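Now for the letters of each chain:
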Amino acid sequence: MDVNGTVAEGFEPVREAFVRNFEVLGERGAAVAVYRDGHRVVDLWAGTKDVDGTADSAPWERGTAQIVRSATKGVAAAALLLLHQRGLLDLDAPVGEYWPEFKAVGKERVLVRHVLSHRAGLPVLDRPLTPEEALDPLRGAEAVARQALVWEPGTDHGYHALTYGWLLGELVRRVTGRGVGDWIAEEIAGPVGADLWVGLPAAEAGRVGRSGRVEAPGNAGGLRSRPKRSVTEAYDDPASLTRRAFAAITPFPDQNDPAYRAASLPATNGIATAEGLARFYASLVGEVGAGPRLFTPGTLAAARAEESAGPDRVLVINTRFGLGYMLHGSASPFLDAGSFGHPGRGGSLGFADPESGIAFGYVTNGFSKTVTADPRAQALVRGVRAAL
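In this text, all values refer to a predicted model and were calculated from it rather than measured experimentally.

Calculation rules
Residues numbered from 1 in each chain as written. Predicted model: local features only at pLDDT ≥ 70, side-chain atom pairs only at ≥ 80, totals over all residues. Heavy atoms only, no water. Helix = DSSP H or I, 4+ residues; strand = E, 2+ residues; numbered from the N terminus. Rg over C-alpha atoms; globule rule 2.2 N^0.38 Å. Buried < 20%, exposed > 50% of the residue type's maximum accessible area, 1.4 Å probe, protein only. Contact = heavy atoms within 4.5 Å. Polar contact = N/O pair within 3.5 Å; in protein donor to acceptor, adjacent residues only side chain to side chain. Pairing = 2+ DSSP bridges. Axes fitted to C-alpha atoms, helices over the stretch in contact; angles between N-to-C directions. Parallel < 35°, antiparallel > 145°, perpendicular 65-115°, else oblique. Nonpolar A, V, L, I, M, F, W, Y, C, P; charged D, E, K, R; others polar. Expected span 1.5 Å × (residues − 1). Bend = angle between axes of the 7 residues up to and from the residue. Salt bridge = Lys/Arg side-chain N within 4 Å of Asp/Glu carboxyl O. Phe/Tyr/Trp six-rings, centres within 6.5 Å; stacked < 30°, edge-to-face > 60°. pLDDT = per-residue confidence, 0-100.

Caption draft 1: Quick look at the overall build of the protein. Looking only at helices and strands, the protein has 14 helices and 14 strands in total. In terms of overall dimensions, the protein is globule-like: its C-alpha atoms have a radius of gyration of 19 Å, near the 21 Å expected for 388 residues. Buried residues in the protein amount to 58% of all 388 residues. Put simply, 68% of the contacts in the protein that link residues at least 6 apart link residues at least 24 apart.

Caption draft 2: Geometry of helix α6 (residues 137-146). Taken together, the buried positions of α6 are G140, A141, A143, V144 and A145. One side-chain oxygen at the N-terminal end of α6 lies 2.9 Å from the backbone nitrogen of L138; it belongs to D136.

Caption draft 3: Molecular detail of the sheet that holds strand β4 (residues 66-67). Read across the open sheet, the three strands follow the order β4-β7-β5; overall the sheet is antiparallel. Of all the strands in the sheet, just β4 and β5 (196-197) have a single pairing partner and so form its edges. Bridge analysis of β5 against strand β7 (residues 271-272) gives two bridges, and the strand direction is antiparallel. Its bridge partner being in β7, W197 is matched across the sheet by I271.

Caption draft 4: Geometry of the packing of helix α2 (residues 72-85) against helix α8 (residues 180-192). Where α2 meets α8, the closest approach of the two axes is 10 Å, and the angle between their N-to-C directions is 75°. Taken as axis vectors, α2 and α8 run roughly perpendicular relative to one another. Between α2 and α8, the contacting residues are V75, A76, A78, A79, L82 and L83 on the first element and W183, I184 and I188 on the second. Here the contact of α2 with α8 is composed, by residue class, of nine nonpolar, no polar and no charged.

Caption draft 5: Structural view of α8. Compared with the 18 Å implied by 1.5 Å per residue over 13 residues, the 17 Å span of α8 between its first and last C-alpha is a close match. Of all the bends found along α8, the most pronounced is centred on E186 and spans about 30°. Here α8 has its buried residues at V180, G181, W183, I184, I188, A189 and V192. Where α8 is buried, its residues touch α2, α7 (163-176), β5 and α12 (274-285). Note on α8: the residue one or two positions beyond its end, G193, has a positive phi of about 70°.

Caption draft 6: Seen up close, the pattern of salt bridges. Taken as a whole and assessed by the stated rule, the structure comprises 25 salt bridges. Ionic pairing is found between D43 and R62, a salt bridge with its closest N-O pair at 3.0 Å. Placement of D43 in strand β3 (residues 39-47) and of R62 in the loop between β3 and β4 is noted, with a sequence separation of 19 residues between them. By relative accessible area, R62 is classed as exposed at 53%. Close ionic contact of R86 with E187 constitutes a salt bridge, the shortest N to O distance being 3.2 Å.

Caption draft 7: Quick look at the packing of aromatic side chains. Taken as a whole and assessed by the stated rule, the structure comprises twelve aromatic pairs. Between the aromatic rings of F18 and F22, the centroid separation amounts to 5.3 Å while the plane-to-plane angle is 80°, which identifies the pairing as edge-to-face. Highlighted residues: F18 and F22, both in helix α1 (residues 12-24), separated by four residues, approximately one helical turn. As far as burial versus exposure is concerned, F18 and F22 are alike and both buried. When the centroid spacing of 5.8 Å and the interplanar angle of 35° are considered together, the rings of Y235 and F246 count as tilted. Here Y235, found in helix α9 (residues 229-236), pairs with F246, found in helix α10 (residues 241-246); they are eleven residues apart in sequence, far enough to count as distant.

Caption draft 8: Up close: the confidence of the model for the protein. Averaged over the protein, the pLDDT score is 95; the fraction of residues at 70 or greater is 96%. Scored below 50 in pLDDT, residues 219-226 shows 16 contacts in the model against residues more than four places distant or in partner chains.

Caption draft 9: Focus on the environment of G361. Within the secondary structure, G361 is located in strand β13 (residues 358-364). For the pair G361 and F280, spaced 81 residues apart in sequence, the C-alpha to C-alpha distance is 8.9 Å. When residues no more than four places from it in sequence are discounted, the contact partners of G361 are A31, V32, A33, A274, L277, A278 and L349.

Caption draft 10: Broad picture of unusual backbone geometry. Note that the residue after T250, namely P251, is joined by a cis bond; omega there is -10°. Locating P251 in the fold gives a position in the loop between α10 and α11 (258-262). A positive phi angle, close to 60°, is found at H118, a residue other than glycine. Exposure remark for H118: the relative accessible area of 0% places this residue in the buried category.

Caption draft 11: Structural view of the environment of V231. Along the chain, the position of V231 falls in helix α9. Sequence spacing of V231 and I317 is 86 residues, and the spatial spacing of their C-alpha atoms is 7.5 Å. Look past the residues within four positions of V231 in its chain and what remains in contact with it is L315, V316 and I317.

Set out below in structure tokens:
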């Protein structure tokens, strides 16, 4: 395998894990980047740009980007937290204070904090959106505003797989007057110099490879490769909260469709380079080059303070959430106890670990069956841990 890029002295275990992902775990095309204390120490890429590429297909290059699915949620969460940091949004205010139509059918008690911590009680839509409807940012918000609660807000948690994006995106629009994708481009990605988008500009479309499903050879290990019977049954049951949460758009759009990539769906369709994802997380916890540090110490503490923990009513495993971020735990292991970030279903991962100064980004064009802890990403995290 021809691996391109560099690793700083001492971080060779990450390169070894990256090579092994191609040799053993069925990787097709991928990149990984790691920052430490604001300096890039790992920047690697290999394979083909497209998941279905053959030996003569276009190679993955520096700057190749991929859709990162739910790793988008960690980027989108920063928008609400920065609005709070700037005094424009109260985390303990009712969502309906900013979005009056949302108060319908008993949702007056849903707080902004509940949205970020997956405690809003709105993980499903009784009438799923079609792919065409989902591309209209207003239709998703309108559907969520009409939806009745599944549980009393704040009393339990369950992963809001798709509705999270409409909830968060509409709050950003109501507070700022701008779409969430534009706000992220102008207030986050641009200032810190991160190649990531929620709503891909036409000028960047040529950088993005085709993604698709891959099967890891043999037993890739872990909960996500061999789920418990209860997890399998939840995904198979059309009436379960699990199945309904992931089916809030039915059928799910083709993620290689240019129209889907250009839309702004802050729960699922972010596109990033590994370097951009790592640089974003590095900027949450410190300065990177001439770019700003995004989170104050107080905002950082709030982002990774545990808000939800235990059995997840949607994912049917134990999960931990802060404000918009998954926290280190059995469902999604990061580097250490203080790490926070977000995986993308099937592979991608971004996180920061303030205590060690590490920020991490991994993107792939091959999506496996995993939900929260892909074996390829976990192998790279173990490589970082070995380097420290």
